[in-house]
Amino acid sequence: MPVLPELVPMLDRVAQARAHMPGASTPVAERRAFIHRGMDQRVKAVALPMPPVTCADHEVPVEGGTITVRVYRPDLAGVLPGHVYVHGGGWWLGELHHRDAVCARLAADAQCAVVSVAHRLAPEHRFPVPVHDCRDALRWVAANAGRLGVDAARLSIGGDSSGANLAAATALMARDQGGPALVAQVLEIPALDLTLKQPSVNEPAEAALLTRDDLAADIERYCDPEDRTDPYASPLLAGDLSGLPPALIMTAEFDILRDDGAAYGRRLTEAGVPAEVVQWDGHVHGSHEMTAILESARRWQAHVAGFLTRV
């Protein structure tokens, strides 16, 4: 099917905005600030408001400093399952508030505590720092489950785009490094092969919010060439995927990362790990957040919540 018609005006605006994007010679901090302003505007325009949940920020110690995590809880008493969420943004963009609506909706619909991780960003903090931050955040949640009102035996992890890359890598680390145990992983529009070898990476990008050139530049900021086959950088290239938690993998039809998710689902299944791969036709990279304009984005998010309530 073609790109969803509701997305066409937004894609046109994105194409126009690219013409005014600061060039590569602009300092990273300035480029990041410019793009974050656009992200702020887009979230307000295309995402439904946050449902009523409580939010609290916590500082988590990591090697060389601290990071912030934001905990969203529905208005429910008692101990809840915990879901650690990692935002996307090409490893170099994104702030906690950009995913407030997504995380709050997930907390309300899945009746769980969602812990959103503000990992340190590339290129100031390159691989493996961001994935170590996510690992340490997961360990912190498990260690502080009592005061967070979270069931340490019912932890899951997820994220979107580069955040899904970090979530998948963190699940691998948890398996390899003695926990914490995870009951599920949710990988939305995931980047899982940083060598850019999956066929869809080379598809035409006329309808894309993410082009091959964008992705290559993101990877360059994040990861040295010799590290891109490391399984914690490219989970799809891990030699052994057995023993990982059940996975829900959500892909978009018009997304150059579509084949990353599909291939990971196949490999998980071959390794004996339950994996559900759902391709959302007509969607582009990132359109799952556009709940104010897309009924199917609302169904996408409801599907994620339903999966988490069943694990």
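For the structure itself, consult the block above.
Residues numbered from 1 in each chain as written. Predicted model: local features only at pLDDT ≥ 70, side-chain atom pairs only at ≥ 80, totals over all residues. Heavy atoms only, no water.

A. Geometry of the sheet that holds strand S2 (residues 65–73). Within the open sheet, the 8 strands sit side by side as S1-S2-S4-S3-S5-S6-S7-S8. Their pairing is mixed. Of all strands in the sheet, those bounded by a partner on one side alone are strand S1 (54–62) and strand S8 (275–284). For this sheet, the mean inter-axis angle between neighbouring strands, taken without regard to orientation, is 20°. With 4 bridges connecting them, strand S6 (residues 184–188) and strand S7 (residues 247–254) associate as parallel partners. Residue pairing across strands places Val186 opposite Leu248, the latter belonging to S7. Contacts from helix H4 (residues 129–143) reach S1, S2, strand S3 (80–86), strand S4 (113–118) and strand S5 (150–160) within the one sheet, and its direction differs from that of S1 by about 115°. (Pairing = 2+ DSSP bridges. Helix = DSSP H or I, 4+ residues; strand = E, 2+ residues; numbered from the N terminus. Axes fitted to C-alpha atoms, helices over the stretch in contact; angles between N-to-C directions. Contact = heavy atoms within 4.5 Å.)

B. How the structure looks around empty space enclosed by the protein. One pass over the full model with this rule turns up 2 cavities of 30 Å³ or more. In this structure, the largest cavity encloses a volume near 60 Å³. As for the largest cavity, its lining consists of Tyr85, Val102, Leu106, Glu188, His288, Gln301 and Val304. Counting only elements with at least two residues in the lining of the largest cavity, the list comes to helix H3 (100–110) and helix H9 (295–310). (1 Å grid on protein atoms, 1.4 Å probe; cavity = no way out; pocket = protein on both sides within 12 Å on 5 of 7 lines; lining within 4 Å. Points joined across faces, edges and corners; volume = space filled by probe spheres on them.)

C. Here's a closer look at the environment of Ser234. With respect to the helices, strands and loops of the structure, Ser234 is situated in the loop between helix H7 (212–222) and S7. Sequence separation between Ser234 and Thr195 is 39 residues; the distance between their C-alpha atoms is 7.8 Å. Other than its neighbours up to four places away in sequence, Ser234 contacts Leu192, Asp193, Leu194, Thr195 and Arg228.

D. The layout of surface pockets, seen in detail. A volume near 1,200 Å³ is recorded for the largest pocket. For the lining of the largest pocket, the secondary structure elements donating two or more residues are helix H1 (8–18), helix H2 (28–46) and H7. Counting residues per element, the lining of the largest pocket draws most heavily on H2, at 11 residues. Taken together, the residues of the lining of the largest pocket break down into 20 nonpolar, 11 polar and 12 charged. (Nonpolar A, V, L, I, M, F, W, Y, C, P; charged D, E, K, R; others polar.)

E. Representation of the pattern of salt bridges within the structure. Per the stated rule, a full pass over the model turns up 15 salt bridges. The partner of Glu220 in a salt bridge is Arg228, and the shortest N-O contact between them spans 3.0 Å. Assessed through its relative accessible area of 45%, Glu220 is described here as partly exposed. By sharing partners, the salt bridges in this structure join Asp57, Arg70 and Asp100 into a single network. (Salt bridge = Lys/Arg side-chain N within 4 Å of Asp/Glu carboxyl O. Buried < 20%, exposed > 50% of the residue type's maximum accessible area, 1.4 Å probe, protein only.)

F. Region of interest: the nonpolar core. Core analysis: the largest hydrophobic core is formed by 59 residues, its most contacted members being Trp91, Val141, Tyr222, Leu244, Tyr264 and Leu268. Among the elements that make up this core, the one with the highest residue count is helix H6 (residues 162–176) (9 residues). The contact partners of Val141, leaving out residues within four places of it in the chain, are Val84, Val115, Leu148, Val150 and Leu155. Grouped together as the second largest cluster of nonpolar side chains are 24 residues, Tyr72, Met250, Val278 and Phe307 included. (Core = buried A, V, L, I, M, F, W, Y, C linked by side-chain atoms within 4.5 Å.)

G. Just unusual backbone geometry, in detail. Residue Pro123 is bonded to the preceding Ala122 through a cis peptide linkage, with omega at 0°. Counting through the fold element by element, Pro123 comes out in the loop between S4 and H4. In the segment running from Phe127 into Pro128, the intervening peptide bond is cis, with an omega of 10°. Positionally, Pro128 belongs in the loop between S4 and H4. One non-glycine residue, Trp91, adopts positive backbone phi at about 70°.

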